[in-house]
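Structural characterization, general
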Amino acid sequence: MSRSELRKRIEEKSLILRRDIIRMTGEAGSGHPGGSLSAADIVSTLYFYQLRHRPAEPKWRERDRFVLSKGHVAPVLYAALAESGYFSRDILWTLRKMGSILQGHPDMKKVPGVEISSGSLGQGLAVANGIALGGKLDQLDYRVYVLIGDGESQEGIVWEAAMFAAHYKLDNVTAILDYNGLQIDGTVSEVMEIRPIVDKWRAFGWHVIEIDGHNVLAIIDAFAEANTIKEKPTMIVAHTVKGKGVSFMENAIDFHGKAPTKEQMKEALKELGEVDC
Amino acid sequence: MSEDKKSTRGAYGDALLELGEADENIVVLDADLAKSTTSIKFAKVFPDRFFDCGVAEQNMMCTAAGLATTGKICYTGSFAIFATGRAYEQVRNTIVYSGLNVKMCPSHSGITVGEDGASHQTVEDIALMRVIPGLKVVVPADYYEAKAAIKAAARIEGPFYIRLGRPSVPIIFNNDYEFNLGKAIKLKDGSDATIFAIGIMVSASLEAAKILEKEGINAEVINVSSIKPIDVNTIIESVEKTRKVVTAEEHSVIGGLGSAVAEVLCERLPAPIRMVGIKDLFGLSGSIPELLEYFHLTPQDIVLAVKNLVYQ
Ligand SMILES: Cc1ncc(C[n+]2csc(CCOP(=O)(O)OP(=O)(O)O)c2C)c(N)n1
Ligand SMILES: [Mg+2]
């Protein structure tokens, strides 16, 4: 497959994820669309290109693992899992409803394909390190991918885990920073500056790659580069736009944790190319 | 060290060695306290399965969680205050909510840490761990019970909190002791009052019972090492007979054994209770005997509590 075909194929999947995120949060009346949309291209590149996984066998020992550290963007993960075939798409519309397996934040005991329960920010990288250690102990060559938020990077444990991964040379860990510049109380720069973030990760002993987090070919290339790095974990700093793909949600702080109204849902779906909505 | 006294933390390193020998899936983490917790014994023999996390307890807990998802049985050390206090939310949200196979066995619980003082003496760890839904909480009374519980935890799926201590404490059991989760152990029969005890207060209670016997009071002594799940039947059965209850623990009277026993009794069999424990206070620097006296955790304090009920 040519690179342009590949790109087209993944972008089509990203579009499906974006529509699902809008519909899921719209139907639920709550949830976190902004950070789900900023991560959509990263997550779709993972699930529909990069990850070695078997949706029919979610506990396959040799699978690559994806840890969603910023658990509030559960919608993008659920959408990717459903589209991959881990569970029926019908379930997506039960998000956040009583009795649903799709809790507000991911619960590994309820949802096939969720590697770890998350929602409390900061903990995913340390979990990923533990999974990576387990892989090394078992001499399995799976890789562990972990998605971290930029606001989340203010948590101290992220840096404890950063130190740990470098110290134990966890070259089977690839972290992705969803650098959308926004958190809840404002821009990341206003609330608590994390720059110079690339220098910080380098100083912690990581291999760092900086990319446009909406360019799926750049994401693919970064994953490929990470695979070649030995004795060091890799951090992909992905510059993204919160709310990406829906004009009135892009860079709109309020859509961090606010669902679209029914009207907004229709408008967003139209923008995302859904015809019969 | 005399053979009639051994620390419960000492059982940790010894149990880990046996576990590590028998099962490749045993992995041990510590947070720059491997010498104190005795996990260093494991580290020396199985260096490939031991990971020091540095002074980073939150990170240790989440790393343990990750390891557990890959099928490892992960034991974690550190001091009780840091394992439960610093890393509380990692324990709650990442280990226990997910039901992961992590066995937390920190040492230096209670005030018998001694000279280090209040910052290192947790009087509230049982309370913190007991309220986390589904977490199993065990407080061994001596070296052999600690060793048996640490080993049993490897065979029982899911997260555990096993509270260990620094000082050498009297031996009650022996190497054949079998730990049964959810089972309280009657150590002495009695009819006038029941003393429910945990940890170092079990041997203190046995001593108290001897003193009481000389005064014609026949106290039953029950070791409630399995705080959660708690042995409702044994508690009820004993109190139906004695109708008087004393609880004894090296922990705050808020949220620990006293509370756990009271929760069982108040719904099924209300009975007067006296709680021997730490009265909503922080710890203090001092020698262990001085501290036990200061915080009213001696056999004499248990004797007084029983008399207070019996002669009421
Ligand atoms: C430990 C913790 N503190 C606070 C929150 C509440 N919270 C949820 S999302 C969020 C902001 C996260 O910002 P960021 O990581 O930038 O996420 P994104 O922009 O990708 O949505 C906060 C503070 C939480 N979930 N966990
Ligand atoms: Mg952000």
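Reading guide: rules and limits
- Residues numbered from 1 in each chain as written.
- Chains lettered and ligands numbered in written order.
- Predicted model: local features only at pLDDT ≥ 70, side-chain atom pairs only at ≥ 80, totals over all residues.
- Heavy atoms only, no water.
- Pairing = 2+ DSSP bridges.
- Helix = DSSP H or I, 4+ residues; strand = E, 2+ residues; numbered from the N terminus.
- Axes fitted to C-alpha atoms, helices over the stretch in contact; angles between N-to-C directions.
- Phe/Tyr/Trp six-rings, centres within 6.5 Å; stacked < 30°, edge-to-face > 60°.
- Buried < 20%, exposed > 50% of the residue type's maximum accessible area, 1.4 Å probe, protein only.
- Lys NZ or Arg CZ within 6 Å of the ring centre and 35° of its normal.
- Donors = N, O, S within 2.8 Å, 3.2 Å for Na, K, Ca; no water.
- Near = heavy atom within 4 Å.
- Polar contact = N/O pair within 3.5 Å; in protein donor to acceptor, adjacent residues only side chain to side chain.
- Areas by Shrake-Rupley, 256 points an atom, 1.4 Å probe, with all protein chains shown as cover.
- Nonpolar A, V, L, I, M, F, W, Y, C, P; charged D, E, K, R; others polar.
- Contact = heavy atoms within 4.5 Å.
- Buried area = accessible area lost by both parts, 1.4 Å probe.
- Salt bridge = Lys/Arg side-chain N within 4 Å of Asp/Glu carboxyl O.

1. Describing the sheet that holds strand S5 (residues 102-104) of chain B
Residues and elements named next belong to chain B.
- The seven strands lie next to each other as S3-S2-S4-S5-S7-S6-S12, forming an open sheet whose pairing is mixed. Each of the sheet's edge strands pairs with one partner strand only, and the pair in question is strand S3 (50-52) and strand S12 (226-228). This sheet shows a mean twist of 20° between the axes of neighbouring strands, independent of strand direction.
- Both strand S2 (residues 26-30) and S3 contribute to a ladder of three bridges, which runs parallel. Residue pairing in the sheet places Val28 in a bridge with Phe50 of S3.

2. Some words on the packing of aromatic side chains
Residues and elements named next belong to chain A.
- Here the structure, examined in full by the defined rule, presents 13 aromatic pairs over all chains.
- Aromatic side chains Phe164 and Tyr168 sit 4.7 Å apart centroid to centroid with 50° between the ring planes, which places their arrangement in the tilted category.
- Overall, Tyr168 belongs to the partly exposed group, its relative accessible area being 23%.
- In textbook terms, an aromatic cluster arises when at least three aromatic residues are bridged by ring pairs, as seen for Trp159, Trp201, Phe204 and Trp206.
- Geometry around Trp93 places Arg23 over its ring, the cationic atom sitting 6.0 Å from the centre.
- One Lys or Arg, Arg65, reaches over the ring of Tyr142 and ends 3.9 Å from the middle of that ring.

3. Let's talk about the coordination of the magnesium ion (ligand 2)
All names here are of chain A.
- Those donors, Asp150 (OD), Asn180 (OD1) and Leu182 (O), are the protein atoms that reach the magnesium ion (ligand 2), and they lie 2.0 to 2.2 Å from it.
- Here the donor residues of the magnesium ion (ligand 2) are spaced in sequence according to D-x29-N-x1-L. Here Asp150, found in the loop between strand S2 (144-149) and helix H6 (156-167), pairs with Asn180, found in the loop between strand S3 (173-179) and helix H7 (188-192); they are 30 residues apart in sequence, far enough to count as distant. Accessibility assignment for this pair places Asp150 and Asn180 in one class, buried.

4. Remarks on unusual backbone geometry
- A cis amide bond links Arg195 of chain A to the next residue, Pro196 of chain A, at an omega of -5°.
- By the secondary structure assignment, Pro196 of chain A is in the loop between H7 and helix H8 (197-203).
- Note the cis peptide between Lys228 of chain B and Pro229 of chain B, where omega equals 0°.
- Even without a glycine there, the phi angle at Lys169 of chain A is positive, about 55°.
- Examined against the element boundaries, Lys169 of chain A turns out to sit in the loop between H6 and S3.
- Of note in the backbone geometry, Asn251 of chain A takes a positive phi value of approximately 60° without being a glycine.
- Mapped onto the fold, Asn251 of chain A is located in the loop between strand S5 (234-239) and helix H10 (262-271).

5. Observations regarding the site of ligand 1
All names here are of chain A.
- The environment of ligand 1 is formed by 17 residues, the closest being Lys70, His72, Asp150, Glu152 and Lys242.
- One of the side-chain N or O atoms of Asn180 is found 3.0 Å from an oxygen atom in ligand 1.
- With respect to ligand 1, the backbone of Leu182 contributes an N or O atom lying 3.0 Å from an oxygen atom.
- Protein chains shield 76% of the accessible area of ligand 1, which is 590 Å² for the free molecule.
- Looking at side-chain class alone, the shell around ligand 1 contains three nonpolar, nine polar and five charged residues.

6. What about the environment of Ser168 of chain B?
- Looking at where Ser168 of chain B falls in the secondary structure, it is placed in strand S8 (residues 168-170).
- Ser168 of chain B gets classed as partly exposed once you look at its relative accessible area, which sits at 30%.

7. Overview of the interface of chain A and chain B
- Listed per partner, the contact involves 23 residues of chain A and 25 residues of chain B.
- Roughly 2000 Å² is buried in total at the junction of chain A and chain B, and carbon and sulfur atoms are behind 59% of that figure.
- Of all residues in chain A, Gln123, Leu137 and Glu160 of chain A give up the largest surface area on contact with chain B, accounting jointly for 25% of the area buried on that side.
- Our count for the contact surface shared by chain A and chain B stands at one salt bridge.
- For the salt bridge of Lys72 of chain B with Asp138 of chain A, the shortest nitrogen-to-oxygen distance reads 2.5 Å.
- For the interface between chain A and chain B, the tally reads eight residue pairs in polar contact (both at pLDDT 80 or more).
- Counting only elements with at least two residues in the side of chain A that touches chain B, the list comes to helix H5 (124-137) and H6 of chain A.
- Per-element accounting of the side of chain A that touches chain B gives the leading share, eight residues, to H5 of chain A.
- Considering only residue class, the side of chain A that touches chain B consists of 12 nonpolar, six polar and five charged.

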